[in-house]
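This is what each chain is made of:
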Amino acid sequence: MILAIAAATAGLFLGAAAMWLALRSRHVHLQRDLRLRDWALTSLRNEQLTRQNAFACLVEQGAEALIEIGPTGRPQFATPNCARIIGYDPKEIVTWTSLAVLGPDAVTSDPEEATGRWRVRHADGRLLTMRVRCRPLPDTVGLTVMLTDVTAQILTEQRLEDVRSYASARIGRDHLTGLLDRNGLFDVLERKLYEQAEVLAMTIDIDGFRDINERFGNPVGDKVLRQIAMRLADVAKDALATARIGDDEFAILLPATDGDARTASVARDAIRTISEPI
């Protein structure tokens, strides 16, 4: 009887020990799973923060300022780079009742159809040219207005156009006198011949000009050439062309319809004006 009780007690002890070991093992596995879960959540949060920081940095350094407009037309959000691009702090922008602070273009334009360019007044008073794009907000009533400063781009384009216009105007021109050069004269002559128009050409050579250069230097010689060019252009106002075709050679192109008398008169006036002291 005693042996039976002892055996039963030992069996209960062994069963309890086995159950304790099983619970202990399960507890260990559970703790490991919890640690893995915490590690995964921490990694996910870190990754999310990294992406958020990267996005925030991208927005901050981006060239496009974003302003969200709510259903009432009031700004309800602005990206941090608004302070850099248009000079207004995002916290100030969301207190506006509209975008009127930015200038008349932001008021007269329909935001829902706004594309192209606005003239926007910077916080410091400067007028900027902004490329504008508007997009509806997803799942809500409102718009995102995207502003990109293209002022420098516009100025560069204007300067390039000025350079192109200047270069185009100077093609076929003598850089010293401003008269047509030999190529410019040939262009006029070729155009008149194409039109089957008769023309008279007069060439003028300045005697002794080389002596002026040698005695007084090229700067003085250049001034003499410019004075002669101005005088010839004044004498031949009605000419088809007045050109400098060589170092000290000029040419005047007249319509043949002017006749010999007109040509002789222009020649006399040219000789007279060139002979006057400079």
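Each value, and the rule that gives it
Residues numbered from 1 in each chain as written. Predicted model: local features only at pLDDT ≥ 70, side-chain atom pairs only at ≥ 80, totals over all residues. Heavy atoms only, no water. Helix = DSSP H or I, 4+ residues; strand = E, 2+ residues; numbered from the N terminus. Buried < 20%, exposed > 50% of the residue type's maximum accessible area, 1.4 Å probe, protein only. Contact = heavy atoms within 4.5 Å. Areas by Shrake-Rupley, 256 points an atom, 1.4 Å probe, with all protein chains shown as cover. Core = buried A, V, L, I, M, F, W, Y, C linked by side-chain atoms within 4.5 Å. Pairing = 2+ DSSP bridges. Axes fitted to C-alpha atoms, helices over the stretch in contact; angles between N-to-C directions.

1. Section: the overall build of the protein
So, step 1. Of regular secondary structure, the protein possesses nine helices and eight strands.
So, step 2. Buried residues in the protein amount to 30% of all 278 residues.
So, step 3. Counting contacts in the protein only where the partners sit at least 6 residues apart, residues at least 24 apart contribute 46% of the total.
So, step 4. With an accessible surface of roughly 18,900 Å², the protein has 58% of that area assigned to carbon and sulfur atoms.

2. Focus on the nonpolar core
So, step 1. Among the nonpolar cores identified, the biggest contains 21 residues, and Ile67, Ile86, Leu99 and Leu102 are the most heavily contacted of them.
So, step 2. Residue assignment for this core shows that the elements contributing at least two residues are strand S1 (64–69), helix H2 (82–85), strand S3 (115–121), strand S4 (127–136) and strand S5 (143–149).
So, step 3. Here this core gets four residues from one element, more than from any other, and that element is S4.
So, step 4. Non-local contacts of isoleucine 67, meaning those with residues more than four positions away in its chain, are made with Pro75, Phe77, Ala78, Cys82, Ile86, Ile93, Leu99, Leu143, Thr144, Val145 and Leu147.
So, step 5. Of all hydrophobic cores here, the second largest spans 20 residues; its members include Phe209, Val235, Phe250 and Val266.

3. Considering the sheet that holds strand S8 (residues 249–255)
In a beta sheet, neighbouring strands are held together by backbone hydrogen bonds and run either parallel or antiparallel to one another.
So, step 1. Strand order in this open sheet of three strands is S6-S8-S7, and the pairing throughout is antiparallel. Across the chains shown, the open sheet's two edge strands, defined by having one partner strand only, are strand S6 (199–205) and strand S7 (241–244). Between one strand axis and the next, the sheet turns through 15° on average, direction left out of account.
So, step 2. In this structure, S6 lies alongside S8, joined through seven bridges in antiparallel fashion. Each bridged residue has a counterpart across the sheet, and for aspartate 205 the counterpart in S8 is glutamate 249.
So, step 3. Strands in contact with helix H9 (residues 259–275) are S6 and S8; relative to S6, the strand with the most contacts, it is inclined by about 20°.

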